[in-house]
Amino acid sequence: MQYGNVIMEHHQPAPSFLVQLLHSVPHINITLHRVNDTFNPNSTVYTESLGILASIPAALLIISLVFLLLYLLTRCCDRKPRKPKSHGCQKCTLIFFAIICCAAIGLGLYGNDDLHNGVLQIFGSGRKIEQLILNVRNQTELVKHNLKSKVVLSELEQIFEQPAHRPNATALYMLHDTVKMAKDNTTFAINALETIVYLTRPAYTDITLKSLLDTYEFYEELRWPITLGFLTFLLLLCIILMIGATRSSRCALIFFSVCGLLAVTVCWLLSGIYLASAVALGDFCMKPNDFICSHPKLKDVQYTYCSTVGTNRYVLRLNESKVHVDRAKESLETVNSIGMDLYPGIQISSKVNKINGELDDSKRQLTALSVMLDRRTVAEHYADATRSLCEGGLLGLTLMLLASLVSAAILSLLVCVDSHTWIYLTKKRPGYEDKAETTPLFPAGANASPAAPIIASGTMTINRTLLHAQTATSNGTTGGAGAAAGTGTLIPTSGRNGTTHGMRGASGHHTLGRLPSQHAPMMGPNNGKYATLSKQCKTLESNDFY
C-alpha cells in the first residue's frame, strides 16, 4: 500500500474453485464465437452469451416434451394385456426414482436456504455502509451549523468597533484584519463541509446504495418463499406418486401425470435461469472490485470504497475543513493577545475562549468523521458482503442449479413410466356379467317335475334348502293328495316382476314362499308352472338364504 497520489491496489481474495469453474464456462455469441467473459451486464454481447447458455435447458425441455409426446402416441395404441409382474416392475421403478427425486429436491431446499442466508448477509453489510454515509451527512450538517451560527455570526467585530483605551492605529488595523481572517477560515471550513454534504446527497440520475438494497430486498422477499413453495409442491407430487404406485390408484397416477408435466416444464426453465445466473455470478466474483469501482452511477460506493487513501473525496474535504479550523484558532489567539492590550477593561479572553471552544469541538467531530470514513473500516463491510455473495450465495445457487437439472430429468422419466403404468391399470376388477342362460337348475337325468324351474348359470350358489327340496321331490309321488300330504310337493310362488321368490310344500312344511289354498287354482305368470330366471333376477348368493 502506498500513500499520496499513487493509486492503491484493491486487495481481492483469490477466487475459489467453484468461481473458477463457473468462470471457465465458454461464453459464445449467436455465431458460436468466443466473446469476452468479463462481467459486464451493460454489454449486449455479454448478455447475449448468457442468453445462449440459458437456452440450453430450454432446448432440453423441448426435446423431452417431444419424446414424451411420441412415447404417449405409441402407448395409447398398444392395448395388449400385460402380466401382473410387469406392473410390479413399473411400480418399483416409480418408487425408486421418486425417492431419488425427493433427494434432489432436498438438495434444492438446502441450496435455497444457503442463497437466502448469503443474500441477507449482503443486505446487512450494505445497510451498515448506508447508515455510515447517513451518519456522515448528519454530523457534517451539525458541524456546519455550529460553525456558522457560533463562530461566523459572533459579535466579536462589534466589540472592537468601540474606541480603544490605548489608541494604536497599526494594532487596531491588525486586530480587525485578524478577526476577519478567523471568520474567513471558518467560512472556508464550512464550504468544505458543504462539499461533503453535496457528495453524500446524490443526484436524481445516480443509483444510491439504498435504492439498490431496497429493490433487491423486495425481489428476495418474493423469490425465497416462491422457490420454497415450488420445491414443497414437488415433494408432495413425489409422495402422491409413491402412494398411487403402492395402492394402484389410477386417480393418483393420472394426477401426477398432469401436474408432473407442468413441473417438468418449470424445472427446465428454472435450470436455464439458474445456469445463466451462476455463470454471471462466477464472472463477477473473479474481480468484484473492478465492476463495483467502474460503475459510473454508484457514487456512494466509489467515494467510500474505490478511492485510495490520498484521493478519498470525503476525507480530503474533512482534512481541508480541519486545516481551516486550525487557522481560525491561530487567528483567534492573535486577536486575544492584541485585544487585551487595546481593550483592557473588556473581557476579551472569555469571548475568545468561548469561540475557541466551539472550534475545538468542531475539530473533534471532524476527526471522528475521518476515522469513520477510513477506507479500512468501509472495506471490511464490503469484504463481508463480497464473501457472502461469492461463497455462500454462489454455493447455494449452484446447488439449486444441480437440483433443478436432476429433478427435471427424473420427473421427465417419471411422467413417462407413470403414463405407461396407469394406462394398463383397470378401473375395477372384472365383475359378473349377466347372461341369459337356459340351463335347468336340476339335471336332466333327475326325476324332477316336468315344470322344473330354469335359473341362470354362472356363479349362482344353490341353497341347501333348495337341494333338500329337490331330494324330497325326486323321491316322492307326484299325483295324489296323500302323496302331497306326505312328501310335500314344491309349489312355486311368484313375487313382483314375475320373479320366483321360493318354493313351499303343500303339506305346510316351513319352506320358502306362501302356501296357496288346496282348492284355489294355480296362480302366477306361468299358470302354475315354474318360472324361469331372466336377466332381471338378482344373482343368488349364499348370504341371501342365511
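Owing to the predicted nature of the structure, the values given are computational and were not obtained by experimental measurement.

## A short note on the packing of helix α6 (residues 209-247) against helix α7 (residues 250-286)
Thought 1: The interhelical angle for the contact between α6 and α7, taken along N-to-C directions, is 145°, at an axis separation of 10 Å. Judged by the sense of rotation from one axis to the other, the crossing of α6 with α7 is left-handed. Between α6 and α7, the residues in contact are Thr 227, Phe 230, Phe 233, Leu 234, Leu 237, Ile 240, Leu 241, Gly 244 and Ala 245 and Ala 252, Leu 253, Phe 255, Phe 256, Cys 259, Gly 260, Ala 263, Val 266, Cys 267, Leu 270 and Tyr 274, respectively.

## Observations concerning the packing of helix α10 (residues 313-342) against helix α11 (residues 348-372)
Thought 1: Packing of α10 against α11 leaves a shortest axis separation of 10 Å and a crossing angle of 165°. With respect to α11, the axis of α10 lies roughly antiparallel. With respect to the hand of their crossing, α10 and α11 are arranged in left-handed fashion. On the side of α10, the interface is formed by Leu 318, Asn 319, Ser 321, Lys 322, Val 325, Asp 326, Ala 328, Lys 329, Leu 332, Asn 336, Gly 339 and Met 340, while α11 contributes Ile 348, Ser 349, Val 352, Ile 355, Asn 356, Leu 359, Asp 360, Lys 363, Leu 366, Thr 367, Leu 369 and Ser 370.
Thought 2: Taken together, the residues of the contact of α10 with α11 sort by class into eleven nonpolar, eight polar and five charged.

## Points about α11
Side chains three or four residues apart in an α-helix point the same way, a direct result of the helix having 3.6 residues per turn.
Thought 1: Helix length check: α11 (25 residues) gives 36 Å between terminal C-alpha atoms against 36 Å at 1.5 Å per residue, within 8%.
Thought 2: Of the positions making up α11, those classed as buried are Ile 348, Val 352, Ile 355, Asn 356, Glu 358, Leu 359, Ser 362, Leu 366, Leu 369 and Ser 370.

## Looking at the layout of surface pockets
Thought 1: Its boundaries defined by the atoms lining it, the largest pocket holds a volume of some 1,600 Å³.
Thought 2: Taken together, 43 residues make up the lining of the largest pocket; nearest its centre are Val 119, Ile 122, Tyr 216, Leu 281 and Leu 389.
Thought 3: Breaking the lining of the largest pocket down by element, the ones donating at least two residues are α2 (44-76), α3 (84-152), α6, α7, α8 (288-294) and α12 (375-423).
Thought 4: Among the elements that make up the lining of the largest pocket, the one with the highest residue count is α6 (eleven residues).
Thought 5: Here the lining of the largest pocket is composed, by residue class, of 32 nonpolar, nine polar and two charged.

## Regarding the pattern of salt bridges
Thought 1: Counted by the stated rule, this structure contains 13 salt bridges.
Thought 2: Ionic pairing is found between Glu 220 and Arg 223, a salt bridge with its closest N-O pair at 2.9 Å. Of this pair, Glu 220 and Arg 223 both sit in helix α6, three residues apart, which is roughly one turn of that helix.
Thought 3: For Glu 220, a relative accessible area of 8% corresponds to the buried category.
Thought 4: The partly exposed category is assigned to Arg 223, whose relative accessible area is 22%.
Thought 5: Among the salt bridges present, the one from Asp 384 reaches Arg 387, with a minimum N-O distance of 2.9 Å. Here Arg 387 and Asp 384 lie together in helix α12, a separation of three residues that amounts to about one turn.
Thought 6: Taking relative accessible area as the criterion, Asp 384 reaches 26% and is therefore assigned partly exposed.
Thought 7: Taken together, the shared-partner salt bridges connect Arg 127, Glu 130, Lys 210, Asp 214 and Glu 217 into one network.

## As for empty space enclosed by the protein
The gaps of empty space that remain are located by a probe, the size of a water molecule, rolled over the atoms.
Thought 1: Across all of its chains, the model carries three cavities of 30 Å³ or more by this definition.
Thought 2: Considering only enclosed or pocket space, the largest cavity measures out at about 100 Å³ in volume.
Thought 3: For the lining of the largest cavity, the elements supplying multiple residues, two or more each, are α3, α6, α7 and α12.
Thought 4: Here the lining of the largest cavity gets four residues from one element, more than from any other, and that element is α12.
Thought 5: Partitioning the lining of the largest cavity into residue classes produces ten nonpolar, three polar and no charged.

## Considering the nonpolar core
Proteins that are soluble and globular tend to have nonpolar side chains buried together.
Thought 1: In this structure, Leu 147 and Leu 359 are the most contacted members of the largest nonpolar core, which totals 66 residues.
Thought 2: Tallying contributions element by element places α3 first for this core, with ten residues.
Thought 3: The contacts of Leu 359, once residues within four sequence positions are left out, are Leu 147, Val 151, Thr 186, Val 325, Ala 328, Lys 329 and Leu 332.

## Focus: the confidence of the model for the chain
When pLDDT drops low, the exact placement of atoms in the prediction is not to be read closely.
Thought 1: For the chain, mean pLDDT is 75; residues scoring 70 or higher make up 66% of the total.
Thought 2: Here residues 528-546 scores under 50 on pLDDT; set against residues more than four positions off or in separate chains, the count is 42 contacts.

## Considering the side chain of Ser 64
Thought 1: Of note, Ser 64 is situated in helix α2.
Thought 2: Of the residues examined, Ser 64 reaches a relative accessible area of 16% and is grouped as buried.
Thought 3: A polar side-chain atom of Ser 64 sits 2.7 Å from the main-chain carbonyl oxygen of Leu 61.
Thought 4: If we skip the residues at most four places from it in the chain, Ser 64 touches Val 264, Trp 268 and Ser 412.

## Brief notes about α7
Thought 1: Counted at 1.5 Å a residue, the expected span for α7 with its 37 residues is 54 Å, and the 52 Å between its end C-alpha atoms agrees.
Thought 2: Residue Cys 259 marks the point of greatest curvature in α7, where the axis turns by about 25°.

## What to know about a nonpolar patch on the surface
Thought 1: Side chains of Ile 62, Val 66, Leu 69, Leu 70 and Leu 73 sit close together on the surface and give an oily, nonpolar patch of about 490 Å² of accessible area.
Thought 2: Here Leu 70 lies in helix α2.

## Digging into the state of the cysteines
Thought 1: Taken as a whole and judged by the stated rule, the model has one disulfide.
Thought 2: The disulfide bridge from Cys 285 ends at Cys 390, spanning 2.0 Å between sulfur atoms. Its S-S torsion of approximately -90° makes the covalent link between Cys 285 and Cys 390 left-handed. Within this pair, whereas Cys 285 is found in helix α7, its partner Cys 390 is found in helix α12, the two being separated by 105 residues in sequence.
Thought 3: For Cys 390, a relative accessible area of 11% puts it in the buried group.
Thought 4: Take Cys 102: it sits in no disulfide, and the sulfur closest to it among the cysteines is that of Cys 238, at 4.1 Å.

## Description of unusual backbone geometry
Thought 1: You will see that Leu 32, though not glycine, has its phi angle at about 65°, which is positive.
Thought 2: At Ser 248, a position not held by glycine, the phi torsion is positive, near 55°.
Thought 3: Here Ser 248 lies in the loop between α6 and α7.
Thought 4: You can call Ser 248 partly exposed: its relative accessible area is 30%.

What counts and how
- Residues numbered from 1 in each chain as written.
- Predicted model: local features only at pLDDT ≥ 70, side-chain atom pairs only at ≥ 80, totals over all residues.
- Heavy atoms only, no water.
- Axes fitted to C-alpha atoms, helices over the stretch in contact; angles between N-to-C directions.
- Helix = DSSP H or I, 4+ residues; strand = E, 2+ residues; numbered from the N terminus.
- Left-handed = near helix turned anticlockwise from the far one by under 90°.
- Contact = heavy atoms within 4.5 Å.
- Parallel < 35°, antiparallel > 145°, perpendicular 65-115°, else oblique.
- Nonpolar A, V, L, I, M, F, W, Y, C, P; charged D, E, K, R; others polar.
- Expected span 1.5 Å × (residues − 1).
- Buried < 20%, exposed > 50% of the residue type's maximum accessible area, 1.4 Å probe, protein only.
- 1 Å grid on protein atoms, 1.4 Å probe; cavity = no way out; pocket = protein on both sides within 12 Å on 5 of 7 lines; lining within 4 Å.
- Points joined across faces, edges and corners; volume = space filled by probe spheres on them.
- Salt bridge = Lys/Arg side-chain N within 4 Å of Asp/Glu carboxyl O.
- Core = buried A, V, L, I, M, F, W, Y, C linked by side-chain atoms within 4.5 Å.
- pLDDT = per-residue confidence, 0-100.
- Polar contact = N/O pair within 3.5 Å; in protein donor to acceptor, adjacent residues only side chain to side chain.
- Bend = angle between axes of the 7 residues up to and from the residue.
- Patch = residues over 30% accessible without salt bridge, like charges linked within 9 Å, V, L, I, M, F, W, Y side chains within 5 Å.
- Areas by Shrake-Rupley, 256 points an atom, 1.4 Å probe, with all protein chains shown as cover.
- Disulfide = S-S within 2.5 Å.

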